[in-house]
Structures are given as C-alpha cells and as structure tokens.
Protein chains: 2
Amino acid sequence: MEHVTLPAAHPLASGQTTESPLVRAYQGERGDRLPVWFMRQAGRSLPEYRELRVGTRMLDACLDPALASEITLQPVRRHHVDAGIFFSDIVVPLKLIGVDVEIVPGRGPVFAQAVRTGADAAELVKIDPATLDSVIDPITDAVGRTVAELAHLGPDSSAVPLIGFAGAPFTLAAYLVEGGPSKDHIAARTLMHADPSAWRALMDWTADVSGRFLRAQVMAGASAAQLFDSWAGGLSLADYEEHVAPASARALSHVHEISYTVRTHDEGADPYRERRHVPLVHFGVGTGELLAAMRDVGADVVGVDYRIPLDEANRRLGGDVPLQGNIDPALLFAPWPVLESHVREVVARGRTAPAHVVNLGHGVAPETDPDVLTRVVELVHELGA
Amino acid sequence: MEHVTLPAAHPLASGQTTESPLVRAYQGERGDRLPVWFMRQAGRSLPEYRELRVGTRMLDACLDPALASEITLQPVRRHHVDAGIFFSDIVVPLKLIGVDVEIVPGRGPVFAQAVRTGADAAELVKIDPATLDSVIDPITDAVGRTVAELAHLGPDSSAVPLIGFAGAPFTLAAYLVEGGPSKDHIAARTLMHADPSAWRALMDWTADVSGRFLRAQVMAGASAAQLFDSWAGGLSLADYEEHVAPASARALSHVHEISYTVRTHDEGADPYRERRHVPLVHFGVGTGELLAAMRDVGADVVGVDYRIPLDEANRRLGGDVPLQGNIDPALLFAPWPVLESHVREVVARGRTAPAHVVNLGHGVAPETDPDVLTRVVELVHELGA
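- The name given to chain A in an unreviewed UniProt entry is Uroporphyrinogen decarboxylase, and the organism recorded there is Orlajensenia flava.
- Note on chain A: under the UniProt heading Function (unreviewed entry), the record states "Catalyzes the decarboxylation of four acetate groups of uroporphyrinogen-III to yield coproporphyrinogen-III."

Here is the structure:
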C-alpha cells in the first residue's frame, strides 16, 4: 500500500459501503461473513413482486423510481441477502435514449427496428450516448432511494450494499441486431464478420450507453457494479477477444474512472489514504472458456455459471481473482438434503479462490420457492461463520 | 489387425458403404477426398424442400417413406455432399411408440403430458421400447429407398453413404420432462438430482428407444450413425458423467452390436477378414467441456461446435479421434472472401486430427442461401484434393 495522499475523489453516498462483507469479498478479502445474493432475486419468484407488478409493464416498472426501488429492496428484507441488485433490464438505457423497444412478457425485449446492416448501425449511433446523462433521473432517483433504505437493512442496522446493473455491449448489440431474443445470435455474429467496422461502431456505441448507465448508478450510491454479458457464451474465444472484449473494456472504463478515498491507517495527524474504484463483476452464461478474457477487460470479480466448478474456474483464472457463483438454480427445486449438499460443495470449492461471493450460476427461475432461497442464505451464513 | 476368420456378420445392404471417403474418415483414415456434409442440410434452406412440405406437418413428413427419402436426397443431388443425413426428428421414435407429441412450427416438439415426477416417468417406461421394432417400417422403408437411390449419386456413380439419425437420451428426456423446448432444461436437471432413480429409469428407457431407432436405420442400410445430444452443453461435466453418459453408452450399444465383415487382404484361398461396426458420431452444441466424455460413451467420431477450434478439440481428445465440424453457420451469411477464409482455417486446423469430416458447428439456418452451401462443398473438395 502506497503512503501517498490522494486528491479528493468521489464522495461516498450515505449507504455506499466500502467495508461491507460483499465489497470486502469483491476486493479479495475473506471476512467473518460469507456474502450471498442471487441473480434475479428481485423478481417473479416473490409474491410481493408479482403483486406490485400487476398492471405495470416491465419497462414502466424499471422507470418508476419508487417501484424499482421497492422491488430492489424486497428480496433484501425477505432473504437477508448481503446485497441488493438494482432492479432493471439491460434495454433500459436504450429505452431512455429513445430506442423503440418494449419487453413482451414470455418473450423478452422486442425492437421496432432490427439493426441488420452497416447503414442501420450508422443511423443508430447518431444518437449521442451522452444524451443518457440528461434522461437518467429515474434511475439515479431509484438508486438514491434504494441506497437510503439499504443503509440500515444489514445485521445490527449496518448498510447493505447495492450492486449496479447493466448489460454488456455484446448482449445489447445482439438484441439490437436480432431485433429481439434469438437462439444462436446468428445475425449479430454475421454482422461481426461481414462488416467488422459497422460492428465495431455499434459495439463502441453500446459500450458508451451501457457504461454511462452503470456509472450513473455508482455515482448515485451503488457500492459495486455488475456487467451482464448474457449471450457471450455463444461466442468462440477468438471472436470474443477480437470483436467483443474491446467494447466491454470500454463500458467498464466509464466506471473505472470513478474512485473514492478510504482511510487505511490513522497515524497521528497524517492519515494514510488509498484510492479505490468501485468493484466490478463480470458474468455470462456458459462462459467457462472465456473466464480469463472476461477478467482481462477490467473486471475485479468473475461470475461463474453452474457448468464448471469454482475450483476449476479459480484454476483457469490463475488463483488470484475473487469469484461469484455458482449454485445450480435447478437444484433449488430438489429436496433440501440434495440442495444443502450442493451448496456445501459450492462453498467448499469456492474456498480455493482468494474470496467468494455465493450466488447462483444463473438467475432465479420464476417458479422458485422463495423460502428455499431464504434457507440457502441461512445455510451460507452458517457455513461462512 | 488380427488374422482370424470371423463368423458371418450383418450382410451389407446395396449402397451401404465401407470404403466411401466419409466412412474411411470416420474410421480415422485420410484419403484423397476431404468429405463434407452439413447438419440440417435436408430442410428449410432448400426451396425444393419447402415446396415438398407444403400442407404436410413435420412428423407426417418424417413418417412418409417416399417423402422422407426424397427430402434426404435433395441436398445430396444439389450440393454433392459426401453423405446423406436421414431426414427425421428426435421425437419420431417416441411418436411411433404412441407418445402424444406434435411439432409446432416455430416452437418445436410439444408433448400432451410432461413427465415431471417419478410417477410420470414410471408410467411412461411401461411402454416396452421393443414395441418400436414392430412399428418401425416407415423408417426402414424410407432408409431402404434412400440408400438405393444414393447407391449411384457419388462421383463416377459411386455410392454416397447415408448417416442414420437419432436424438441422445438426455435431449429426449429433457423434452419429455419439460413437455417441450426450454431454455435451461431446469425441470429435467431438477428431476436428475431430486429423484435419481426415476431419472435413471427414464434415461434407460429413452436410451433403448433411441438406440433401437438408430439400429433400425443401420440394419436398413445406413453406413454410419450420428447421435445428437443437442442439449448436453447445458450440463456440467459432473452431471454429464454421472447422470447422462451411462444412458448414451446404452443407446450406442444397440448399434455397436451390429458388425459386418470386410475382406482386408486376399492371400490365396484364405482371405483375411476384419469385423467392423458402423462408425458412430456423437455431437452436441456447446460441449467443449464434454468432448472426451462424449467420446467415452462409445463414439468413434466427435462432432465439434463452432465455439472451439478443431486443433483445440483434437488436443482435448488426445489426438487420436476423427473430428467432424466446425464451420460457424453465422459465417454462411458473410461475404464469400470472409467465409472462404474461415473454411480454409477450419480445414487447416482439422489437419491436426487423424481424420476430419467437414461440417458446420451447428445446423444450417433456414435463411441460408443454398448456393453458398454448394460453393463451400466445392471449396472443401478443392482443399482436400
């Protein structure tokens, strides 16, 4: 640790944590508490969520600060997880800057116009990503409300950190090019090879949109941020490195710029300070072959899906990267002894890594019994103690 | 090679090949011609297919011997590929033995009843898989007609081999348990862990249904057989090895039992003979982590999807397994120079393996221009010469 006095950096919001079990684990430290949260913990598995959402369309819910905040808080209150994950959708920043997109229940995001050609891409990227900053209020407002509430929801009224949420450039671009969800992202992968410069322009643009969206959440009080590259697992390593990684690095650079100063030692009148950036997590499904490349774009923590065990993920990452994951969400439907044994194994394998934040290897399925999630949290906290 | 005289084995059908470029490559030999065919070459990319299918539902087409045969032959005539792949669907054997399933256009197979519990599985497996043998005529008839036509469709009127087609037990079971297509196969993976004995019974049953379906095609004249485990890539290696591989081995054992005798040397009155079985190919999407396990169930050849390069697949398999694959089907929509360069690279990397059958890393997308496929065949044949 360098003993230098750093200039003032981003002041922390009240409720923005630097020493919570989650943030410490994301920074590679093992503490007394093994942190746990669940991807898609805020959502359809909770009856209180389904009740709140009646009559409100998905994107309207994401853009209603009170609603988005309440939905984010519900699983924290219920499960006593170690983090809130900001309730949003990867297309929210696109919607905000005027892209015509709707989320169709049971199908996913559907765009009025697919970006199939270089000309389509050139038209889209005319929208200045900086526009987002002027229309981001519903998001920063929601984050602010959420962080204020989270400030006393942890053990002994401690603060529970909020994790910011954004889709990675490839996943956003895949939706844009396909015009909606697709199985193989054939159109996106075609554009990538058929017109690499149009692809690059589109990816740079989605990177700036996505990065600004994440940055706004951090500035408003998120203690960490996760970039979701849902579809990256559909790519070869070569395609990922050449056609995707530069844009993901660009997205994360928007958040890397933000740093804050923490007092690390206090010796007399001259406190030693360290500047830190907000920890960044990077996750994709089926990305066992891409883990190191996904770290190399500037992630501090790598999320691992359920397909490969954490000790193997740790080996692939060289043994010095905090991991997040990787309970198989299918096991949440199994009898408790089967699930318990699986959770114990995940935690045991996670001990090979420098630090571990327990999570699922994919999102919570809507049919999941929320009581099972609560029980998993209790078990993880027992195991971590 | 052992110099023993073997008892008479399965007599070869006319048109069943043992020395075609495809079968020789599948047996690990490199010849003068680099064989190529395409998964889903028989199907919606061809206008002559779309014309034939007007007014006929998918499963009805599969069960009409004249139609299934003609559809199988269409891409061989058009593209001059080195194999026909029997036109069918993985649910065809289930339909034949009385399971209530229909293929819904744009969605896939949909079952009247999902097999969600151990009791459901127990009810289903009461159907004796041997029933299939008494209702298989539409399939063997179609194979017989196809093989007879293929007998002179190759260069210099040589025979083009037919490859038999079946879905692997896991993929069949996943459809049965989900009741249709699903994104994560959560219900199937839950049953696997929640009730392993019911899962095993279901898998043994699907293995026998699938194995008998493949066996019938080989007995009727197929020169090779491919087991498609479309969804295996959704599994961890541990789950695959414990809960899937035994059933896949059981499915393939139905075909391993069939052998034929070839004359390998002819010295005087005592010809040396060798008994061979029909080569078996095993393929799944996103199975880079499972390649060795998928060979170990008894496959002679491993199909590789587009995500990992063939030299890496060859390394993972220890360097002694013939490979099939792995042109990225997305590149079929790219400008020709981009596609040509990709095909050349696939062929170059394939040269690291003992033998290589060029194919796609996934099925032909319906929107593919068939002329591009023909051009790829011509290029592969030029490169292989």
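**Let's talk about the UniProt feature "site: Transition state stabilizer" (unreviewed entry) in chain A**
Residues and elements named next belong to chain A.
Here is step 1: When the UniProt feature table is mapped onto this chain, "site: Transition state stabilizer" (unreviewed entry) is found at Asp89.
Here is step 2: With respect to the helices and strands, Asp89 occurs in the loop between β1 (84–85) and α5 (92–96).
Here is step 3: Residues within four places of Asp89 in sequence aside, it is in contact with Met58, Leu59, Cys62, Ile103 and Phe165.
Here is step 4: Of the polar contacts made by the side chain of Asp89, one reaches the backbone nitrogen of Val91; its length is 2.9 Å.

**Observations concerning the side chain of Ser236 of chain A**
Here is step 1: By the secondary structure assignment, Ser236 of chain A is in the loop between β5 (224–228) and α12 (237–256).
Here is step 2: Setting aside residues up to four positions removed in sequence, Ser236 of chain A forms contacts with Leu290 of chain A together with Tyr306 and Arg307 of chain B.

**Here we look at the sheet that holds strand β11 (residues 356–360) of chain A**
Residues and elements named next belong to chain A.
Here is step 1: The seven strands lie next to each other as β1-β4-β5-β8-β9-β10-β11, forming an open sheet whose pairing is parallel. Two strands in the sheet have a free side with no partner beyond their single neighbour: β1 and β11.
Here is step 2: Note: strand β8 (residues 280–283) against strand β9 (residues 301–303), two bridges, orientation parallel. Paired with Val281 across the two strands is Val301, which belongs to β9.
Here is step 3: Its contacts with the sheet put α12 on β5 and β8, and the angle it makes with β8 is roughly 155°.

**Some remarks on helix α16 (residues 370–384) of chain A**
All names here are of chain A.
Here is step 1: Compared with an ideal rise of 1.5 Å per residue, which puts 15 residues at 21 Å, α16 spans 21 Å between its outermost C-alpha atoms and is within 8% of the ideal.
Here is step 2: Along α16, 11 of the 15 residues are buried, which leaves the element largely enclosed by surrounding structure.
Here is step 3: The set of residues buried in α16 consists of Pro370, Val372, Leu373, Thr374, Val376, Val377, Leu379, Val380, His381, Leu383 and Gly384.
Here is step 4: The elements touched by buried residues of α16 are α2 (47–53), α4 (65–79), β10 (323–327), α15 (336–350) and β11.
Here is step 5: In this structure Asp369 caps α16, since a side-chain oxygen of it lies 2.9 Å from the backbone nitrogen of Asp371.

**Quick look at the relation of the copies chain A and chain B**
Here is step 1: For the pair chain A and chain B, the superposition axis carries a translation of 0.0 Å, the fit reaches an RMSD of 0.0 Å, and the rotation angle comes to 180°. These values place the two chain copies in the arrangement generated by a two-fold rotation axis.
Here is step 2: Mapped onto chain B, 100% of the interface residues of chain A are again interface residues, and the two copies thus contact each other with one and the same surface.

**Looking at the sheet that holds strand β11 (residues 356–360) of chain B**
Residue and element names in this part refer to chain B.
Here is step 1: Pairing is parallel across the open sheet formed by seven strands, whose spatial order is β1-β4-β5-β8-β9-β10-β11. Two strands in the sheet have a free side with no partner beyond their single neighbour: β1 (84–85) and β11.
Here is step 2: In this sheet, strand β8 (residues 280–283) lies alongside strand β5 (residues 224–228) in parallel orientation, the contact comprising four bridges. Pairing of Leu227 across the sheet is with His282, part of β8.

**As for the pattern of salt bridges**
A side chain with one charge may pair with a side chain of the opposite charge, provided their charged atoms come close.
All names here are of chain A.
Here is step 1: Under the defined criterion, the tally for this structure stands at 46 salt bridges over all chains.
Here is step 2: For Arg24, the salt bridge is made with Glu29, and the minimal N-O distance between the two is 3.0 Å.
Here is step 3: Judged by relative accessible area, Arg24 falls into the partly exposed class, the value being 28%.
Here is step 4: Salt bridges sharing common partners tie together Arg57, Asp60, Lys95 and Glu102.

**Details of the packing of helix α15 (residues 336–350) of chain B against helix α16 (residues 370–384) of chain B**
Residue and element names in this part refer to chain B.
Here is step 1: Orientation of α15 relative to α16, taken along the N-to-C sense of each, is 40°, at an axis distance of 11 Å. As the angle between them shows, α15 and α16 are arranged oblique. Seen from above, α15 lies across α16 with right-handed handedness. Contact residues: Trp336, Leu339, Glu340, Val343, Arg344 and Val347 in α15; Val372, Arg375, Val376, Leu379, Val380 and Leu383 in α16.
Here is step 2: Split into classes, the residues belonging to the contact of α15 with α16 amount to nine nonpolar, no polar and three charged.

Rules and cut-offs
Residues numbered from 1 in each chain as written. Chains lettered and ligands numbered in written order. Predicted model: local features only at pLDDT ≥ 70, side-chain atom pairs only at ≥ 80, totals over all residues. Heavy atoms only, no water. UniProt positions renumbered as here; feature names shortened; annotations may be inferred. Helix = DSSP H or I, 4+ residues; strand = E, 2+ residues; numbered from the N terminus. Contact = heavy atoms within 4.5 Å. Polar contact = N/O pair within 3.5 Å; in protein donor to acceptor, adjacent residues only side chain to side chain. Pairing = 2+ DSSP bridges. Axes fitted to C-alpha atoms, helices over the stretch in contact; angles between N-to-C directions. Expected span 1.5 Å × (residues − 1). Buried < 20%, exposed > 50% of the residue type's maximum accessible area, 1.4 Å probe, protein only. Least-squares fit on C-alpha atoms with pLDDT ≥ 70 in both. Salt bridge = Lys/Arg side-chain N within 4 Å of Asp/Glu carboxyl O. Parallel < 35°, antiparallel > 145°, perpendicular 65-115°, else oblique. Left-handed = near helix turned anticlockwise from the far one by under 90°. Nonpolar A, V, L, I, M, F, W, Y, C, P; charged D, E, K, R; others polar.

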